[in-house]
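Residues per chain are reported as follows:
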Amino acid sequence: MGLLDILLGRTKPAAPDLDRLFALPSAAVTLEAATGFTPTGHGAVCFATVEGAAFEQTHREVRALMDADAEREGPPAELRKDDYGYSWLVSRRSPEQLPLLVNDLHAVNSSMEINGFGPQLLCSLAGFRDPEARRLALVYLYKRGTFYPFAPLPGPRQRRDNALELQVRAALAGELPVEADLGRWFPLWGAPGL
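Presented here is an overview of the structure given in this document.

Calculation rules
- Residues numbered from 1 in each chain as written.
- Predicted model: local features only at pLDDT ≥ 70, side-chain atom pairs only at ≥ 80, totals over all residues.
- Heavy atoms only, no water.
- Pairing = 2+ DSSP bridges.
- Helix = DSSP H or I, 4+ residues; strand = E, 2+ residues; numbered from the N terminus.
- Axes fitted to C-alpha atoms, helices over the stretch in contact; angles between N-to-C directions.
- Contact = heavy atoms within 4.5 Å.
- Patch = residues over 30% accessible without salt bridge, like charges linked within 9 Å, V, L, I, M, F, W, Y side chains within 5 Å.
- Areas by Shrake-Rupley, 256 points an atom, 1.4 Å probe, with all protein chains shown as cover.
- Salt bridge = Lys/Arg side-chain N within 4 Å of Asp/Glu carboxyl O.
- Buried < 20%, exposed > 50% of the residue type's maximum accessible area, 1.4 Å probe, protein only.
- 1 Å grid on protein atoms, 1.4 Å probe; cavity = no way out; pocket = protein on both sides within 12 Å on 5 of 7 lines; lining within 4 Å.
- Points joined across faces, edges and corners; volume = space filled by probe spheres on them.
- Nonpolar A, V, L, I, M, F, W, Y, C, P; charged D, E, K, R; others polar.
- Phe/Tyr/Trp six-rings, centres within 6.5 Å; stacked < 30°, edge-to-face > 60°.
- Polar contact = N/O pair within 3.5 Å; in protein donor to acceptor, adjacent residues only side chain to side chain.
- Core = buried A, V, L, I, M, F, W, Y, C linked by side-chain atoms within 4.5 Å.
- Parallel < 35°, antiparallel > 145°, perpendicular 65-115°, else oblique.
- Left-handed = near helix turned anticlockwise from the far one by under 90°.

## Structural notes on the sheet that holds strand β2 (residues 78-81)
Now for step 1: Across the sheet, which stays open at both edges, the six strands sit in the order β2-β3-β1-β4-β5-β6 with antiparallel pairing between neighbours. This sheet does not close on itself; its edge strands, each paired only once, are β2 and β6 (146-150). When the angles between neighbouring strand axes are averaged without regard to direction, this sheet yields 25 degrees.
Now for step 2: When strand β4 (residues 121-129) meets strand β5 (residues 135-141), the two strands line up antiparallel, connected through seven bridges. Looking at the pairing, Leu125 lines up with Val139 of β5.
Now for step 3: Helix α4 (residues 98-114) rests against β1 (38-48), β3 (86-92) and β4 of the sheet, and its axis sits at about 5 degrees to β1.
Now for step 4: Lying over the sheet, helix α5 (residues 162-172) contacts β5 and β6, oriented at roughly 145 degrees with respect to β6.

Right, here's the structure in full:
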């Protein structure tokens, strides 16, 4: 970074650190103790869709890798598109298999990155629920290397539980690198895996 960058307030973007995903299982213990939320076993990786044979081959390789896991219970990995045109690779595990779910998310991100599709990666999420059936996602922003909570409220309107999100941020501040800019806490309406 040069003097002109400093004077103009420009900074280099944070490099993604996929190993931060491995902090999710221990953060889940803290989250349960502080708020009562437990893992659902569902998670997903979101990326911008790209046309082409190389991208399709990467999808097939990642899905084959995830589906080859002998410990996987339930449906295989699933590729879905949302209403906004983004692709989601969804993984489902049993709720007590959060470390295996994190391995799935890490494998998808790593494979996409290794095959040159890192710029298309947007975020990863792991789903949680509490005894009142409220939903919560811990979202990893690939390009920022940070996490944030997303808590949609039930019902037909797109509303979020901001108080719960701030409570989760406070509870996990020592466990995960939480995104400081609340403007980057993007709502993930209808996200698969939540």
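Once you've had a look at it, read on.
## Here we look at a nonpolar patch on the surface
Now for step 1: Taken together, the side chains of Tyr84, Tyr86 and Leu122 define a hydrophobic patch exposed on the protein surface, amounting to about 290 Å² of accessible area.
Now for step 2: Here Leu122 lies in strand β4.
Now for step 3: What makes Leu122 partly exposed here is its relative accessible area of 30%.

## Regarding the layout of surface pockets
The gaps left among the atoms become clear once a water-sized probe is rolled over them.
Now for step 1: If you add up the space inside the largest pocket, you get close to 390 Å³.
Now for step 2: The wall of the largest pocket is formed by 19 residues, among which Cys46, Leu122, Cys123, Phe186 and Leu188 lie closest to the centre.
Now for step 3: Sorting the residues of the lining of the largest pocket by element identifies β3 and β4 as the ones contributing at least two each.
Now for step 4: In terms of residue class, the lining of the largest pocket is built from 14 nonpolar, one polar and four charged.

## A short note on the packing of aromatic side chains
Now for step 1: For the coordinates displayed, the defined rule picks out three aromatic pairs.
Now for step 2: With centroids separated by 5.1 Å and ring planes inclined at 55 degrees, the aromatic side chains of Tyr140 and Phe147 adopt a geometry described as tilted. The pair Tyr140 / Phe147 is uniform in exposure class, with both members buried.

## Topic: the side chain of Thr35
Now for step 1: Within the secondary structure, Thr35 is located in helix α2 (residues 24-35).
Now for step 2: You can call Thr35 buried: its relative accessible area is 14%.
Now for step 3: Of note is the side chain of Thr35, whose polar atom sits 2.7 Å from the backbone oxygen of Leu31.
Now for step 4: At 3.4 Å, the side chain of Thr35 forms a polar contact with the backbone nitrogen of Phe37.
Now for step 5: Once residues lying within four places of it in the same chain are set aside, the contact partners of Thr35 are Gln167 and Val168.

## Re the nonpolar core
Most often, soluble globular proteins keep nonpolar side chains buried together rather than apart.
Now for step 1: Of all hydrophobic cores here, the largest spans 34 residues; its most connected members are Leu21, Leu24, Leu31, Phe128 and Leu138.
Now for step 2: When residues of this core are traced back to their parent elements, those giving at least two are α2, β1, α3 (53-67), α4, β4, β5 and α5.
Now for step 3: Residue contacts for Leu24: discarding those within four places in its chain leaves Leu98, Val102, Ala126, Leu138, Phe147 and Leu176.

## Side note on the pairing of β6
Now for step 1: Of all the five residues making up β6, five are buried; the element is thus mostly covered by neighbouring parts of the structure.
Now for step 2: Pairing of β5 with β6, which is carried by five bridges, proceeds in the antiparallel orientation. Bridge pairing in β6 links Tyr140 to Phe147.

## Thoughts on the packing of α3 against α4
Now for step 1: Here α3 crosses α4 at 155 degrees, and the two axes come no closer than 10 Å. With respect to α4, the element α3 is oriented roughly antiparallel. The two elements α3 and α4 meet at a crossing, and its hand is right-handed. Residue-level contacts link Phe55, Thr58, Val62, Leu65 and Met66 of α3 to Asp104, Ala107, Val108, Ser111 and Met112 of α4.
Now for step 2: Across the contact of α3 with α4, the residue classes break down as seven nonpolar, two polar and one charged.

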